[in-house]
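Each chain is listed here by its residues.
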Amino acid sequence: DRNGCTRYGYNNNRIIWEDLIMDLSKHFKLEEFEKSMTASRKGIKNKAGAGEIKSLGDLCYECLEPVRAHFDKPIYISSGYRSEALCEAIGSKKTSQHTKGQAVDFEINGVPNIKIAYWLSNNVDFDQLILEYYDKNDPAGGWIHISYNEKGNNRKQVLTFDGDKYENGLPDMEWKDGKVVGS
């Protein structure tokens, strides 16, 4: 039993186990945040506990649901919750906000990541917003990292990472014919 997400019963004297799909919010399910090809390949358990599930729900309501509503498109989550073992396996720190259920990496198909980052920076509360692996020549490259701390001490830190170094803030958006380049 994991926080009421697994149910079991008897059917013809056999025990039946069923993993229930847990909704974190209207558009997001826990399984989207726990999935990991690396964890699967390496046999690493990547299941969030009750505290992490609460934090993931807060992240959904405060950051992901508003951006999904604004762009009116599904969000593809590339990395959500990560166990400490998974963080170590991918070369991340065990102290990452991903291990607390406070961070997510994502993209929206057909929307330049820089456009998403600018919208988030001006419209939601967050701890950290990073435009990851940004390349102005590839608007679809990289992804968005956003974290949220429900305890209320969000730093509103905005960074851009180009693959080599972090810089404060976001790069200027390029416009052509009244649209963000790549739109």
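Refer to the structure printed above.
It should be emphasised that the depicted structure is a prediction, and the values quoted were computed from it without experimental measurement.

Focus on unusual backbone geometry
Now for step 1: With a phi close to 50°, Y133 is a non-glycine residue in the positive phi region.
Now for step 2: In this fold, Y133 is placed in the loop between β5 (128–132) and β6 (143–147).
Now for step 3: Residue Y133 is classed as partly exposed on the basis of its relative accessible area, which comes to 40%.
Now for step 4: The backbone phi angle of K156 is positive, close to 55°, even though this residue is not glycine.
Now for step 5: You can see K156 is positioned in the loop between β6 and β7 (157–161).
Now for step 6: On the basis of relative accessibility, which here comes to 38%, the residue K156 falls in the partly exposed class.

Considerations on the packing of helix α3 (residues 50–71) against helix α5 (residues 113–123)
The description of two helices packed together rests on the angle between their axes and the distance between the axes.
Now for step 1: Their axes nearest at 11 Å, the elements α3 and α5 cross at an angle of 120°. The angle between α3 and α5 places the two elements in the oblique class. In this structure, the crossing between α3 and α5 has a hand that is right-handed. Of α5, the residues touching α3 (which contributes C63, P66, V67, H70 and F71) are K115, I116, W119 and L120.

Observations concerning the sheet that holds strand β8 (residues 166–168)
Now for step 1: If you walk across this open sheet you meet the 6 strands as β3-β4-β6-β5-β7-β8, and the pairing is mixed. Each end of this open sheet is capped by a strand with a single partner; those strands are β3 (76–79) and β8. Across the sheet, the mean angle from the axis of one strand to that of its neighbour is 30°, orientation sign disregarded.
Now for step 2: Examined bridge by bridge, strand β4 (residues 103–107) and β6 share 4 bridges and lie antiparallel to one another.

A closer look at α3
Note that an α-helix has 3.6 residues per turn; residues three or four places apart therefore point the same way.
Now for step 1: Compared with the 32 Å implied by 1.5 Å per residue over 22 residues, the 30 Å span of α3 between its first and last C-alpha is a close match.
Now for step 2: A bend of about 40° at C60 is the largest found in α3.
Now for step 3: The first or second residue beyond α3 is D72, which carries a positive phi of 50°.

The rules behind the values
- Residues numbered from 1 in each chain as written.
- Predicted model: local features only at pLDDT ≥ 70, side-chain atom pairs only at ≥ 80, totals over all residues.
- Heavy atoms only, no water.
- Helix = DSSP H or I, 4+ residues; strand = E, 2+ residues; numbered from the N terminus.
- Buried < 20%, exposed > 50% of the residue type's maximum accessible area, 1.4 Å probe, protein only.
- Axes fitted to C-alpha atoms, helices over the stretch in contact; angles between N-to-C directions.
- Parallel < 35°, antiparallel > 145°, perpendicular 65-115°, else oblique.
- Left-handed = near helix turned anticlockwise from the far one by under 90°.
- Contact = heavy atoms within 4.5 Å.
- Pairing = 2+ DSSP bridges.
- Expected span 1.5 Å × (residues − 1).
- Bend = angle between axes of the 7 residues up to and from the residue.

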